[in-house]
Amino acid sequence: MDSVRPRTEELIAEKLDLERLLAAGGGNTFRVADLGCSIGPNTFHNVEHIVQQVRQKYNHMMMTSAAPEFQVFFNDQVNNDFNALFRSLPPERDYFAAGVPGSFHTRVFPNSSLHLAYSASSAHWLSRVPPEVVDRGSPAWNRGMIHYGSAPKPVEDAYRAQFRKDMGGFLRARSEELVSGGMLVLVFPGLPDGMLHSETQAGSVIYCVNLSILDLVRQVKNKGVLDEDQLDNFNFPMYFPHPREMRELVEENQCFSSIELEVVDPEESTWLQGGVGLREWLVVIRSTMAESFARHFGGEEIVDKIFDGASQKIAERAELVLATNQLYVCLINYRLFPKSFLHMAHSASSAHWLSRVPTEVVDRGSPAWNRGMIHYGFAPKPVEDAYRVQFRKDMGGFLKARSEELVSGGMLVLVMSGVPDGMHHSETQFSSVLSCVNLSLLDLVRQVTKINC
Ligand SMILES: C[S@@+](CC[C@H](N)C(=O)[O-])C[C@H]1O[C@@H](n2cnc3c(N)ncnc32)[C@H](O)[C@@H]1O
């Protein structure tokens, strides 16, 4: 994950409000979690880097409080080899270490207990293979295939639905576990918008594994080593999302306020570069899925055969596929206050402000492009619709956050500009004034155009 280090450094330097975080967490312990840590050593490099960056930030701030101590929680599934992880913990580490078993798709930490949660190469794992893809009666039955990359659309849809559920659970759980202002950083494989999974190295390698299993099934038909049902019942529990999907999911989920999302160019990533990509991916896939393969296909011997076959298929393939990208996502916890902290929240003349201008209204390709206008009052209907959708999202997030921050029986009072039912915004004083500003701007644009001519 060397390629994303500079991004994490910047985000910690710019966005982490250390003073507030330490106050919110109680005491001076800074708590970090690595979700899907496996057995090392990557997890140690990642958390050491984070601890070092936070420590550096503290030193730069010259705070008067005592320097924070660090506690790092290593999380993975219960069947992860935590003993192996603990045995290889760096002896010189400057943090306290603890293991936390359990699925990150649900809560694994107490409420408001973490300051920074990190997860590398893990958030694309699904909690299960979508049941439809192994159901012979379903249109999404993935007959003869082990993933959605080269499968019919209903299979991909089933995977997408499962990812949405799982990632929804992941984000909800983290938003509760992080203190207010806490940071969540996710790095995992994804696809640039418009790219198909089958066009990537990861997709191509999974396809070669699939072809190798199909060969074995064919041989078996004659000799009986591996049967068709075993193939049909096996699917990779991973989904590689596009940035657009991920952004939508975070926005719908409304648990986090600020989102920084980018696709990391594979050229920047040392281990994903160039012609070695396919072989590297084969090793990654084998090592991460070794146990499931052995369990499902009946032992190491057959797994060796599958991967030998896949290796040969890879050798026969021209490297036409594209290197697999990583998605880098950083989220800041939505809540302004800890849970059940406020007795009354009041907001005047503020709640009608949107978190951003709806993206469609400045998009020349969209029917909601608000050409020549600065608001929706006198604009065509799609513009008003885009504003309405944005307001619903923002107000949804606002209400959800406050409902968590207020104690039971607490009160929220909102005073904000609005329009009586049945009245249109263009009929209001506010809108008339805005439209005069708009006309004045248009006049200036016309003058500039004349000058340029
Ligand atoms: C490819 S490894 C990544 C390990 C490490 N983070 C790294 O960067 O090398 C993916 C890890 O995610 C873990 N994992 C998958 N689903 C999980 C879940 N629902 N909860 C916790 N860990 C999970 C797997 O057990 C595996 O150890």
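Residues numbered from 1 in each chain as written. Predicted model: local features only at pLDDT ≥ 70, side-chain atom pairs only at ≥ 80, totals over all residues.

## Brief notes about helix α11 (residues 381-405)
Taking 1.5 Å per residue, 25 residues should reach 36 Å; α11 reaches 36 Å between its end C-alpha atoms and fits that length. Residues of α11 that are buried make contact with β8 (342-348) and β9 (406-415). (Helix = DSSP H or I, 4+ residues; strand = E, 2+ residues; numbered from the N terminus. Expected span 1.5 Å × (residues − 1). Contact = placed C-beta atoms within 7 Å.)

## Concerning the packing of helix α1 (residues 5-15) against helix α3 (residues 42-61)
When two helices pack together, their arrangement is given by the angle between the helix axes and the distance between those axes. The geometry of α1 relative to α3 is characterised by a closest axis approach of 10 Å and an angle of 35° between their N-to-C directions. α1 and α3 meet at a crossing whose hand is right-handed. Across the interface between the two elements, R5, T8, E9, I12 and A13 from α1 touch H49, I50, Q53, V54 and K57 from α3. Classifying every residue of the contact of α1 with α3 by side-chain character gives four nonpolar, three polar and three charged. (Axes fitted to C-alpha atoms, helices over the stretch in contact; angles between N-to-C directions. Left-handed = near helix turned anticlockwise from the far one by under 90°. Nonpolar A, V, L, I, M, F, W, Y, C, P; charged D, E, K, R; others polar.)

## Brief notes about the sheet that holds strand β4 (residues 114-120)
Judged by pairing direction, the sheet is mixed, and its seven strands sit side by side in the order β3-β2-β1-β4-β5-β7-β6 without closing on themselves. At either margin of the open sheet sits one strand with a lone partner, and together these are β3 (96-101) and β6 (256-264). Each adjacent strand pair in this sheet contributes to an overall mean axis angle of 15°, direction not counted. With three bridges connecting them, strand β1 (residues 29-35) and β4 associate as parallel partners. (Pairing = 2+ DSSP bridges.)

## Re the pairing of β3
Judged from the six bridges that link them, strand β2 (residues 69-76) and β3 form a sheet pairing that is parallel. The partner of V72 across the bridge, within β3, is A97. Taking the sense of rotation as the criterion, the β-α-β connection linking β2, helix α4 (residues 82-87) and β3 turns out right-handed. (Right-handed = clockwise from strand over helix to strand, strands pointing away.)

## Things to note about the site of the ligand
Near the ligand lie 18 residues; those nearest to it are G36, S38, N42, A120 and S122. Of all elements in the fold, only α3 and β2 reach the threshold of two or more residues within the shell around the ligand. Residues of the shell around the ligand, tallied by class, amount to four nonpolar, 13 polar and one charged. (Near = placed C-beta within 6 Å.)

## With respect to the nonpolar core
With 87 residues, the main nonpolar core has V32, V205 and V209 as its most contacted residues. For V32, the contacting residues outside a window of four places in its chain are V47, I50, V51, F70, V72, H115, L116 and Y118. A368, Y376, A379 and A386 belong to the second-largest nonpolar core, a separate cluster that totals seven residues. (Core = buried A, V, L, I, M, F, W, Y, C linked by C-beta atoms within 7 Å. Buried ≥ 20, exposed ≤ 12 C-beta atoms within 10 Å, placed from the backbone.)

## A short note on the domain arrangement of the chain
Structurally, the chain comprises domain 1 (2-200 + 240-273 + 323-333), domain 2 (201-236 + 285-322) and domain 3 (342-452). Summarising the inter-unit geometry, the C-alpha centres of domain 1 and domain 2 are found 28 Å apart. Across the contact, 20 residues belong to domain 1 and 18 residues belong to domain 2. Tallied by class, the residues present in the side of domain 1 that touches domain 2 amount to nine nonpolar, nine polar and two charged. (Domains from an automatic or database assignment.)

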